[in-house]
Every structure is written in C-alpha cells, then in structure tokens.
Amino acid sequence: MKQNTTSQIQQLTSQINALKRYLPERVVEKILLNPSAAKIEGEFRLVTVLFADLSGFTHLTEELSKTVSEKGHTASGKKGAEEITEIVNSYFTKMLNIILNYGGTVDKFMGDAIMVLFGAPVSHEDDSERAVKAALDMQSAMKPFEKLKTSQGVFSLQMSVGINTGLVVAGNVGSEKRMEYTVMGDNVNLASRIEQQAGPGEILISKSTCEKVSELFELKPLKPVKVKGKSDMIEMYKVLGLVRNYPVRLKQLQLQMVGRTKELNSLKQLWEKTLSGNGQLVSVIGDAGIGKTRLIYEFKNQVFAEKKSQKNASVRLKQSRKISNELLWLEGKGLSYGTSMLYWTIIEIFKNFFSISDSDSKGTIKQKIHSKMQNLSQIDKHLNKYIPFMYNLFSIKEKNSILDQLDAKTIKQNTFDAVKNCLFAQSKKTPIIMILEDFHWTDSVSFELLKYISRRIENINIFIVCSYRKSDLPTPDFIGTGGQAGSGITKTLKQGIEKYYKEFSLSELSETESETFSKLILKTNHLTAELKKLIIEQSGGNPLYVEELLNSLVENEILKKQFGNWQLSAKISELKIPDSVEGIVMSRLDNLDEKTKDTLQTASVIGKNFQYTILKNIYITNRISRQSGDRLGYDIKELDKSISVLTERDIIYKESSLPNLSTRTNRQE
C-alpha cells in the first residue's frame, strides 16, 4: 500500500513538472491552489508586450522544401522538414533562454514569431527595462543566423522587435474543454503594429515604453506613423543601445533633499573615520522609493565638494592628514534579473576600477586590466600573479592559462584575493568609497566576496555602502537566515564586524516633510488642506509616491493651478495609481505566495479597513464551497499565517500599530 502511494505521488509530481513546461510557473501555482475551479480570474495588469518576428524565414523554408529528392532527403541526408525544425528549435531555444533570464513569459509561439509578456502573470517594477534589455540580447543572439549555413547554401535570418507598455486584461481565455492564460487589449495590438513597422535587426518601442526607459537606453525618435486600428499618429523610438550609468531620477535631483539630514551627517562622520585609516561598512535600508539612492547621491556631492574646496585651500590641505589629493568612487548595482549572473555586482564595481566601458573590445579590456595591475604592483609586488584571474573575471580566455591547471575552488579563492588585493593596494594611494546599490538583488558570489573583503577593512582606507530593501523580497537562498531580504542581509553582513559596521533604516517622511517636499515639486508656498490630506493618505510618506502622485494629478488635470494656487478638480474620483508606483506595488504583491495573495485579495473586497472576524468568516465560507469542511481548522491556520506574512511585510497593519506619519521620529543613526 505504501509503495503504491509513493508511486502515485511520484507520478503526480512528474505530471505537474510536465505541466510547467507548457504554462507559466505562477499560473500552475494558481491552478494547484484551487484545482476544482482550475480558473484564473481576469485582472487588469500593467504589462510590457514584446513581439519578435523573423525576416527571411519564408524564403528559407521555401528553398529547403524544394530540395527534397526522390528518396525524400536533401543533399545533407536530412529531410527538408527536419532541417527546418532544427533551425527553428535552435532559434527558439536561444530566444527563450534570454526571455527567461529577464523574467519574461512566452505568451505564444506563432510560426517564426514570438509574443512575450513582462508583467504577467508576475510583475516586476522594471518590466519595461527588462523587455528592452531582453530585446537587445535577442538581437545579439541573432548573429549566428545572419549567415546560416544549410544543405542548400547560406541564408540570412534577421529579427524585428516591437515593444509597448500599457494596461491589458490578463486571465484565462477559452472554453471548459480548452483554456489558455493570455493577455488582451488595445495595448497588445499596438505592440504588434509597432513590430510591423520595425525593419530587420531593429527594435522599436512605443512612447509609453520610452517614458519608462529613456534614461537607461540610447533612443532615436522616429517620425510618427499611422497604424491600423489607431486614429492618431503613433510615436515610436528606435533603440540604439544601453546607457552605461544608472541615473538617479532627474526630477528629484533638481530639488532640495528633504528629511535625511541626520543620516547624511552620520555618513560624513563615518567617512572621516575611514580617512583616518579605519575602514567602515554601512547599510542603508529602506523600501522602494524611500530615498536610499538620493541620500547616497547627496553624500557623493558633498564629499567631492569638500575635496574640491580643500584642494583650493592649499595651506589648509598641507596641514590636513585626513584628506587625500584624490578619491576613488566605485559604484555597482544589483539587478532584479541578475541574481543568477555570478560576480555581476563586483564586475560592475571593477568596470569603474579599470575605467572599462561597454563599448571596449576584449583586447582593450585586457590592456586596461594589465596596465592598472602592473601599476599597482609597485605597491603590492605579489599582484601580478593575480592578473589571469582578473582576466577570467571579465571572461577573457588566454591560451595555456594557469587557470587550466586549477580546480573551481582554487580559481574562486584566487579571484577573491585578486579583488581584495587590488582594492587594498589602491587604497594605499587613494581612499576608496565603494557603493553597492540594490544589494537585495546581488548574486551569491558577489555577496560572499563582499563579506570576504569587509572582514578585512578595519585598518584600510575603504568605505563601503550597501543599500537594500528591508521587506519587499524573500531572503536570497544563499544567505539562508530566514525571514526577509533586509533582515537576512543585515544579520549576515554585520556578523563579527560590529565594531566598524553601521546601519541606517530610512523611514517615511513625516507629514511636515511630505508637505515640504510637495511644495518643492509644485513650486508653491501653499497647499490646500484637501490636497495635503490626499498626499498624506495616498503616499504614506514615500518620496517616490509623493512625486509620482503629484505628477499624475497634474498630467491628468485633476490638479490645476488657478489664480496662483493649486486646486483639486471634481475629477478626484478618477484618480488612478501612477504606472511607476503600480509597478512597485504589483511586484510586491506578486512576490507573495498564492495563498497569501488570495487572502489579501479577499480582504481588499471588504475595504481599506477590515475586521479579522469578517475576513475569517469569508475565508471559511469560501473554503466550504471549494472542499469538504473537515479541514476548517487547518484553513484558519493558513489564514493566520497569511495575515502574519502581510503584517511582517508592512502591507497591512493592525489598528494598534498603524504608523503615525505626523510623529515619526524613529530614524536610526
């Protein structure tokens, strides 16, 4: 009996795994949560849709189809259909690997075309960025197909890509006998129309996508065109490539920083300790949009402004033992889709270290690494032996390299030592500030390497700042401490180095600070009581939410300037969450497991404020209708667990612990 049960479980597991090949993982989870219904309710979602189509494929198939001999084989011994299938499978495999790497979902294969979704069934706050980067990688992956050798000669296949971002309806489509998860709506059609305007090898994006990624990519505006199904001319942009630096939001930089004076002063004090030969590791922790990047940007400005002023004061400079003539500022940024790219964050840091640009050839990169390390070998004579390991970090392969004789563990240790020794040698020439942003998205090896370095900087002129979120994401698997990302990273980083570790937890702006920030954005000295109330209630003191809320109100003419003052119009009921905020909110919700998300959706039906008793009764009623009532006790435990998760992640609050923005003063130093 036991063997039969085990066999049945194994068979069921195999069936579920097979199902996952044909459906997005999150859709499978939804189905398994309620198999009796096996239905995914329709929902509006902000999605970036990518269409990719091959040119030259029809000609290829026609030629290979005509070459079948009497025996049914081509000159290569393969059937024409078999050769075509191999080419198509090779193409789709390359494309699918890239799409999955960026968290996209293939909605459907349509002959030689692909429709891809970024934002359904799982949202990320940077879905538009992911889509464009995926498109660039997909075009790079097309190089082998541009001169494709076949049994009947060489053919050229090229790909055109169209991308659009907008609201769609996502859910099950079909009948009881056959259903599929897909998206529908005008924004899907527009993505297809844009792809049809793209030439071979081109990537075209819509205006809505451009607004979200314009600071990240080099774009060329095109002449507006008329497309089928649209009465207005459509603005499109050609993607030329990636902009190297990740800028802070330009609008915020034009405004005075609000509410972070204490944290900024503390950062400067810790930097002074580093200049005295006492290395420091600092964590800047807070939710998305709370101001982590802005705080670091302001710190950078003040450090360089102070250095410049001290350079100009030559007498004062000679008397100072703390301030060096130079300063090396290194930046690396974790990517939400880069956690599987080993050494990604550290490579970003060392691109700055070696002054490497994305346009540099392998030969140029090799020359820059060699020159810099030769120079530093005057400080550390052992540094030359680590040059091959630094080459390897940048995927530069040498013939007869020493790495060919070493195992993976030895290569890893030598790479760690190469990074550490380069930084330490440089710090003897110039103090170093190393910034690691969005560290909750770093890869496992970069995290391990940071720990390795940070435990050795106590008497080194290196100042390391890591910024990460406190509760949006699950703890990365490589940390293994349980709980949320922020708490897991914090616990691991500070372990054993409490003496020179410091953390700042950025809380929401107070009501007064939110009002001040709003006045700066609107360039006014007065806000109506109604507008102040709206800002506080809708933004929760998050600077990004304040900015995007006000921009949305102005753009939609809900907030208008009349007689010198800003006034809310009667359209306040039409207010929608701005796209940039919705992406963050949806990504937070999609990071919940399906049972917890189901609980939150049920609670939202009750209203913004709800009683636990009412939610419990609804929960019990729903479960009775779905399955037998003998598991009610277990179901209530599930409900309580979900409530606990939502509370821990600051998605819901118990009435007794609601945050009071007007009296919030608990920022840590």
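Residues numbered from 1 in each chain as written. Predicted model: local features only at pLDDT ≥ 70, side-chain atom pairs only at ≥ 80, totals over all residues. Heavy atoms only, no water.

1. Notes on the overall build of the protein chain
Defined as follows: Strands here mean DSSP runs of E at least two residues long; helices mean DSSP runs of H or I at least four residues long; both are numbered from the N terminus. Under the scheme applied here, a residue whose accessible area is under 20% of the maximum for its type counts as buried, over 50% as exposed, and between as partly exposed, the area being computed with a 1.4 Å probe on protein chains only.
Helix and strand content of the protein chain: 25 helices and 17 strands. Across the 669 residues that make up the protein chain, the buried fraction comes to 48%.

2. What to know about the nonpolar core
Our working definition: Side-chain atoms within 4.5 Å are what join buried Ala, Val, Leu, Ile, Met, Phe, Trp, Tyr and Cys residues into a set we call a nonpolar core. The contact criterion used throughout is that any non-hydrogen atoms of two residues lie within 4.5 Å.
Counting 55 residues, the largest nonpolar core has Phe-350, Met-390, Phe-394, Leu-423 and Ile-464 as the members making the most contacts within it. Setting aside chain neighbours within four positions, we find Ile-464 in contact with Gln-280, Leu-281, Val-282, Met-434, Leu-436, Leu-450, Ile-453 and Ile-457. Listed in part, the 45 residues of the second largest apolar core include Leu-50, Ile-87, Val-106 and Ile-163.

3. Quick notes on the pattern of salt bridges
Operational definition: One speaks of a salt bridge when a side-chain nitrogen belonging to Lys or Arg is within 4 Å of a carboxyl oxygen belonging to Asp or Glu.
In this structure the tally under the stated criterion is 17 salt bridges. Here Lys-351 and Glu-348 are joined by a salt bridge, their closest N and O atoms 3.5 Å apart. Here Lys-351 and its partner Glu-348 are both found in helix H13 (residues 344-353), three residues apart, which amounts to about one turn of the helix. Lys-351 gets classed as buried once you look at its relative accessible area, which sits at 16%. In this structure, the salt-bridge partner of Glu-448 is Lys-412, at a minimum N-O distance of 2.8 Å. Within this pair, whereas Glu-448 is found in helix H17 (residues 444-454), its partner Lys-412 is found in helix H16 (residues 408-427), the two being separated by 36 residues in sequence. For Glu-448, a relative accessible area of 34% translates into the label partly exposed.

4. Observations regarding helix H7 (residues 186-197)
Heads up, the rule is: Given a helix with a known number of residues, its expected span is that number minus one, times 1.5 Å.
The end-to-end C-alpha distance of H7, which contains twelve residues, comes to 17 Å, matching closely the 16 Å that a straight helix rising 1.5 Å per residue would cover. Listed in full, the buried residues belonging to H7 are Asn-187, Val-188, Leu-190, Ala-191, Ser-192, Ile-194 and Glu-195.

5. A look at the packing of H13 against H16
A packed helix pair is summarised by two numbers, namely the angle formed by the two axes and the spacing between the axes. Convention followed: All axes here are fitted lines through C-alpha atoms, helices being fitted over the stretch that makes contact, and every angle between N-to-C directions spans 0 to 180 degrees. For any pair of crossing helices, the crossing counts as left-handed if the nearer helix is rotated counterclockwise from the farther one by less than a right angle, and right-handed if it is rotated clockwise. For this classification, Asp, Glu, Lys and Arg are treated as charged, while Ala, Val, Leu, Ile, Met, Phe, Trp, Tyr, Cys and Pro are nonpolar and the rest, including Gly, are polar.
Between H13 and H16, whose axes approach to 12 Å, the crossing angle comes to 35°. Here H13 runs over H16; the crossing is left-handed. When H13 is examined against H16, the residues Ile-346, Phe-350 and Phe-353 are found in contact with a partner set consisting of Val-419, Cys-422, Leu-423 and Gln-426. A class-by-class count of the residues in the contact of H13 with H16 yields six nonpolar, one polar and no charged.

6. Some remarks on the packing of aromatic side chains
Threshold: Only rings of Phe, Tyr and Trp enter the pairing, Trp through its six-membered ring, and a pair is recorded when the two centres are within 6.5 Å. The plane angle decides the type: under 30 degrees is stacked, over 60 is edge-to-face, the rest tilted. Our definition puts a charge over a ring when NZ of Lys or CZ of Arg is within 6 Å of the ring centre and also within 35 degrees of the ring normal.
One pass over the full model with this rule turns up 14 aromatic pairs. When the centroid spacing of 6.1 Å and the interplanar angle of 55° are considered together, the rings of Phe-304 and Trp-329 count as tilted. Of this pair, Phe-304 sits in helix H11 (residues 292-312) while Trp-329 sits in strand S12 (residues 328-333), and the two are 25 residues apart along the sequence. We classify Trp-329 as buried; its relative accessible area is 11%. An angle of 45° between the planes, with centres 4.9 Å apart, marks the rings of Phe-350 and Phe-353 as tilted. Of this pair, Phe-350 and Phe-353 both sit in helix H13, three residues apart, which is roughly one turn of that helix. Residue Phe-350 is classed as buried on the basis of its relative accessible area of 1%. One aromatic cluster is present, formed by Trp-271, Phe-299, Phe-304, Trp-329 and Phe-463 through successive ring pairs. The ring of Phe-353 carries the charged tip of Lys-372 above its face, separated from the ring centre by 4.9 Å. Here the guanidinium or amino end of Arg-456 rests over the ring plane of Tyr-452, the centre of that ring lying 3.9 Å away.

7. Observations regarding a nonpolar patch on the surface
Basically, it comes down to this: Two joining distances apply to patches: 9 Å for like charges and 5 Å for nonpolar side chains (Val, Leu, Ile, Met, Phe, Trp, Tyr), and every residue must have over 30% relative accessible area and no salt bridge. What sets the accessible areas is the Shrake-Rupley method with a 1.4 Å probe; for residues, cover comes only from the shown protein chains.
A cluster of nonpolar side chains, Phe-44, Leu-167, Val-169 and Met-184, forms an exposed patch at the surface whose accessible area comes to about 370 Å². Secondary-structure assignment places Met-184 in strand S7 (residues 179-184). Overall, Met-184 belongs to the partly exposed group, its relative accessible area being 39%.

8. Digging into the pairing of strand S10 (residues 236-242)
Looking along a regular strand, one sees side chains alternate from face to face of the sheet. Quick reminder of the rule: By definition, two strands form a pair when at least two bridges between them are found by DSSP.
Sheet analysis places strand S8 (residues 203-206) next to S10, joined by three bridges and oriented antiparallel. Paired with Leu-204 across the two strands is Lys-238, which belongs to S10. Here five bridges tie strand S9 (residues 217-221) to S10, and the two strands are oriented antiparallel to one another. In the sheet register, Pro-221 faces S10, and the bridge partner there is Tyr-237.

9. A short note on the sheet that holds strand S15 (residues 501-505)
The five strands lie next to each other as S12-S13-S14-S11-S15, forming an open sheet whose pairing is parallel. The sheet is open, and its two edges are formed by S12 and S15, each paired on a single side. Taken over all neighbouring pairs, the strand axes of this sheet differ in orientation by 15° on average, direction set aside. With six bridges connecting them, strand S11 (residues 280-285) and strand S14 (residues 462-468) associate as parallel partners. Across the sheet, the residue bridging to Leu-281 is Ile-464, located in S14. Lying over the sheet, H17 contacts S11, strand S13 (432-437) and S14, oriented at roughly 145° with respect to S14.

10. Thoughts on unusual backbone geometry
The step from Ala-120 to Pro-121 runs through a cis peptide bond, and the omega angle for that step is 5°. Position of Pro-121 relative to the elements: it lies in the loop between strand S3 (113-118) and helix H5 (127-140). Even without a glycine there, the phi angle at Tyr-343 is positive, about 70°. A positive phi angle, close to 60°, is found at Ser-355, a residue other than glycine. With respect to the helices and strands, the residue Ser-355 is situated in the loop between H13 and helix H14 (362-376).

11. Side note on the side chain of Asp-107
By secondary structure assignment, the location of Asp-107 is in strand S2 (residues 105-110). Those residues in contact with Asp-107 that sit more than four places away from it in its chain are Met-115, Val-116, Leu-117, Tyr-181, Thr-182 and Val-183.

12. Regarding the packing of helix H19 (residues 511-522) against helix H21 (residues 543-555)
Worth spelling out the cut-off: Working rule for angles: under 35 degrees goes down as roughly parallel, over 145 as roughly antiparallel, 65 to 115 as roughly perpendicular, anything else as oblique.
Running from N to C, H19 and H21 cross one another at 40°; their axes reach a closest spacing of 10 Å. Taken together, the axes of H19 and H21 are oblique relative to one another. The crossing of H19 and H21 is right-handed. Here Phe-517, Ser-518, Ile-521 and Leu-522 of H19 come into contact with H21, specifically with Pro-543, Val-546, Glu-547, Leu-550 and Val-554. Its residues assigned to classes, the contact of H19 with H21 comprises seven nonpolar, one polar and one charged.

Interpretation in functional terms is not warranted from these geometric data alone.
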